[in-house]
Amino acid sequence: MATIVGGFTTAHTPTIGFAVDTNKQNDPVWAPIFKGYEPVQQWLKETAPDVILYIFNDHMTSFFIDHYSQFALGVGEIYPVADEGGGARELPPLHGDPELAEHIAKGLVADEFDLSYFQNKGLDHGCFSPMSLLFPEHKQGWPTKIIPFQVGVLQAPSPSAARCYKLGKSLRRAILNYPKDIKVAIAGTGGLSHQVHGERCGFNNTPWDMEFMERLASDPEGLTKYTIFQLAELGGLEGAEIVMWLMMRGALSEKVETIHQTYYLPSMTPIASMVLEERSNEGLEENHDDYMKRINHQLAGFETLEGTYPFTITRGVKAFRLNNFLHDLIHPEHRKLFLEDQEASFEKYELTEEERDLVRRLDWRGLIHYGVIFFMLEKLGAVVGTTNIHIYAAMKGMSLEDFQKTRNAQVLYSVAGKEKGKTDWDKEQSSK
Ligand SMILES: [Fe+2]
């Protein structure tokens, strides 16, 4: 069974990554940053977690207001560094753990924390800034996998401190019930008191930061009573992102010991970190078998339903490349390339031979078996000028005529819009 080796907190200001990239170790102004993180580096080396459950917020880089979600779980296999405007930092990508992520997703959703799932997104300084300092040998590759957990703290109404703390407890249940024998560390990231916008920018409150760190260990429940406004009043609006520290704390045992704490305020954001180790063993309120049964309850039985394929995280990760290729057909330029030079479009998306073959042959049933979600099929159908009914018939292994006999009315339709030639079948239908 998986174990939690402890938790750590860290600021995730870009200052840290900048100091690493420009080798400021021996500069007296910057040196305290490096010094302060040495105990965390050491702790990570000694505990050697297989996975870090990394709680952070993105800064309108990969998660934008066109679709902003509160709790986004990274389920993918690989996470590159995001470009935040001046080119991406030169760091190797982090590897994910889709299997553990899916288990956590089941656990949290069963506990009524409905999530969004993401993959194939770059992670910004919220992740890579501290990671590059925490693992000084990262150039040779990261010694740990990561499950990024993005919290939408930037657009109000955002999750409360109490909600985040509770979610942390759900994370704890999920991790401690994960059947594989792995070690997991929990990271809660974000700046203590700071504000980076408006006339109040530059606000700091060191006495409050000290109190918060002390109470994070000894009185986390008390900290959950603060509203987002009260946290912002005490620690600046952007400083209210410390709800993510509370989420980490919720994932640890009731009693913890702070084995390391550092605080340095060079400019706008305190560069602070803590390492907390568990000092009590309350046990979980339900046994492992009951937990697994509960988190699998909603999907139990699908294996007995023939011809039905729930689109799970496993399917979404396995068939991401092909689903992405087909999804991008909503963009006219990709559609054009696909129709004019199919092989070049396959090459551009680095599809495997198996994937190319399925698309070339418009093997509708094969595509579903491979892990493509139906709604990509109807897009592909619209692009090649066929109908949904043709696709349904093919999935059932029937002729169009025979399938139509099973319907009350023999109509044809698709999701095609106004593009020329995409609904020619309708002319034949109308002339009948
Ligand atoms: Fe942040």
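In this text the structure is predicted, and so the values were computed from the model without any measurement.

Cut-off values and rules
Within any chain, residue numbers begin from 1 and follow the written order of that chain's sequence. A pLDDT threshold of at least 70 governs which residues receive local features in this predicted model, and a stricter bar of 80 or more applies before side-chain atom pairs are shown or counted, although totals over entire chains, interfaces and linings include all residues. Processing note: side-chain calculations cover all non-hydrogen atoms of the structure and skip hydrogens and water entirely. Listed donor atoms are N, O and S within 2.8 Å of the metal (Na, K and Ca: 3.2 Å). As water is not included, a site may look incomplete. For the purposes of this entry, the term helix denotes a DSSP run of H or I that reaches at least four residues, the term strand denotes a run of E that reaches at least two, and both are numbered from the N terminus. With a 1.4 Å probe rolled over the protein chains alone, any residue whose accessible area is under 20% of its type maximum counts as buried; one over 50% counts as exposed, and the rest are partly exposed. If DSSP finds at least two bridges between two strands, the strands pair. Cavities and pockets were defined on a 1 Å grid built over protein atoms only: a cavity is a set of grid points that admits a 1.4 Å probe from which the probe cannot escape, a pocket is an open set flanked by protein on both sides within 12 Å along at least five of seven lines, and lining residues are those with an atom within 4 Å of any such point. Grid points are joined across faces, edges and corners, and a volume is the space filled by probe spheres set on the points. Each residue is assigned to one class: nonpolar for Ala, Val, Leu, Ile, Met, Phe, Trp, Tyr, Cys and Pro, charged for Asp, Glu, Lys and Arg, and polar for all the others, Gly among them. Helix span, expected: 1.5 Å multiplied by one less than the number of residues in the helix. Only Phe, Tyr and Trp rings take part, Trp by its six-membered ring, and two of them pair if their centres are within 6.5 Å. Stacked means planes under 30 degrees apart, edge-to-face means over 60, and tilted covers everything else. Salt bridge, as used here: a side-chain nitrogen of Lys or Arg that lies within 4 Å of a carboxyl oxygen of Asp or Glu. Angles here are taken between N-to-C directions and fall from 0 to 180 degrees, while the axes themselves are lines fitted to C-alpha atoms, restricted in helices to the stretch in contact. An angle below 35 degrees is treated as roughly parallel, one above 145 as roughly antiparallel, one from 65 to 115 as roughly perpendicular, and anything else as oblique. Left-handed describes a crossing whose near helix is turned anticlockwise from the far helix through less than a right angle; right-handed describes the clockwise counterpart. Two residues form a contact once any of their heavy atoms are found within 4.5 Å.

Brief notes about the coordination of the iron ion
Reasoning step 1: Only His 12 (NE2), His 59 (NE2) and Glu 241 (OE) from the protein reach the iron ion as donors, at distances of 2.1 to 2.5 Å.
Reasoning step 2: Mapping the donors of the iron ion onto the primary sequence yields the spacing H-x46-H-x181-E. Residue His 12 is located in the loop between strand 1 (3-10) and helix 1 (14-21), and its partner Glu 241 is located in the loop between helix 8 (228-235) and helix 9 (243-250); the two are separated by 229 residues in the primary sequence. Comparing His 12 with Glu 241 shows no difference in burial state: the two are buried.

Description of the pairing of strand 3 (residues 71-74)
Reasoning step 1: Because side chains alternate across strand 3, one face comprises the buried residues Phe 71 and Leu 73, and the other comprises Ala 72 and Gly 74, equally buried.
Reasoning step 2: Pairing of strand 3 with strand 7 (residues 145-151) involves three bridges; the strand directions are antiparallel. Pairing of Ala 72 across the sheet is with Gln 150, part of strand 7.
Reasoning step 3: Bridge count between strand 3 and strand 6 (residues 116-118): three bridges; the pairing is parallel. What sits directly across from Ala 72, in strand 6, is Ser 116.

A word on the layout of surface pockets
Reasoning step 1: Taken as a whole, the largest pocket spans an internal volume of roughly 920 Å³.
Reasoning step 2: What lines the largest pocket is a set of 29 residues, and nearest its centre among them are Tyr 117, Phe 311, Thr 312, Ile 313 and Gly 316.
Reasoning step 3: Going through the elements one at a time, helix 3 (98-110), strand 6, helix 10 (288-296), helix 11 (313-318) and helix 12 (320-327) are the ones with two or more residues in the lining of the largest pocket.
Reasoning step 4: Here the lining of the largest pocket takes five residues from helix 3, the largest share from any one element.
Reasoning step 5: In terms of residue class, the lining of the largest pocket is built from 15 nonpolar, ten polar and four charged.
Reasoning step 6: The space that makes up the second largest pocket amounts to roughly 520 Å³.
Reasoning step 7: In terms of lining residues, the second largest pocket is bounded by 29 residues, among which Leu 154, His 194, Val 196, Glu 238 and Glu 241 are the most central.
Reasoning step 8: Its residues assigned to classes, the lining of the second largest pocket comprises 15 nonpolar, twelve polar and two charged.

Regarding helix 5 (residues 161-176)
Reasoning step 1: With 16 residues, helix 5 extends 23 Å from end C-alpha to end C-alpha; this agrees with the ideal 22 Å at 1.5 Å per step.
Reasoning step 2: By the burial criterion, the buried members of helix 5 are Ala 161, Cys 164, Tyr 165, Leu 167, Gly 168, Ser 170, Leu 171, Arg 172, Arg 173, Ala 174 and Ile 175.

What about the packing of aromatic side chains?
Centre distance and the angle of the planes are the two values used to describe a pair of aromatic rings.
Reasoning step 1: Overall, the coordinates contain 17 aromatic pairs when judged by the stated rule.
Reasoning step 2: Ring centres of Phe 128 and Trp 142 lie 6.0 Å apart, and the angle between their planes is 55°; on these two criteria the pair is classed as tilted. Here the residue Phe 128 occupies a position in helix 4 (residues 125-134), and Trp 142 occupies one in the loop between helix 4 and strand 7, the gap between them amounting to 14 residues. Residue Phe 128 shares its accessibility class with Trp 142, and that shared class is buried.
Reasoning step 3: Arranged with centres 6.4 Å apart and planes meeting at 45°, the rings of Tyr 392 and Phe 403 form a pair that is tilted. Within this pair, whereas Tyr 392 is found in helix 18 (residues 388-396), its partner Phe 403 is found in helix 19 (residues 400-405), the two being separated by eleven residues in sequence.
Reasoning step 4: Clustering of aromatic rings is evident, with ring pairs tying together Trp 208, Phe 212, Tyr 226 and Trp 245.

Thoughts on the pattern of salt bridges
Reasoning step 1: For the structure shown, the criterion picks out 22 salt bridges.
Reasoning step 2: Residue Glu 211 is joined to Arg 215 by a salt bridge in which the shortest nitrogen-to-oxygen separation is 2.7 Å. Placement of the pair is Glu 211 and Arg 215 together in helix 6 (residues 206-218), with a separation of four residues, close to one helical turn.
Reasoning step 3: We classify Arg 215 as buried; its relative accessible area is 15%.
Reasoning step 4: Across the salt bridge formed by Asp 357 and Arg 361, the nearest N and O atoms sit 3.1 Å from each other.
Reasoning step 5: Overlapping salt bridges bring together Asp 111, Arg 173, Glu 285, Glu 286 and Arg 294 as one network.

Let's talk about the packing of helix 12 against helix 15 (residues 353-360)
Reasoning step 1: Remark: helix 12 packs on helix 15, axes separated minimally by 10 Å, with the N-to-C direction vectors making an angle of 40°. Judged on the interaxial angle alone, helix 15 and helix 12 are oblique. Crossing angle aside, the handedness with which helix 12 passes helix 15 is right-handed. Across the interface between the two elements, Arg 321, Leu 322 and Phe 325 from helix 12 touch Glu 355, Leu 358 and Val 359 from helix 15.
Reasoning step 2: Its residues assigned to classes, the contact of helix 12 with helix 15 shows four nonpolar, no polar and two charged.

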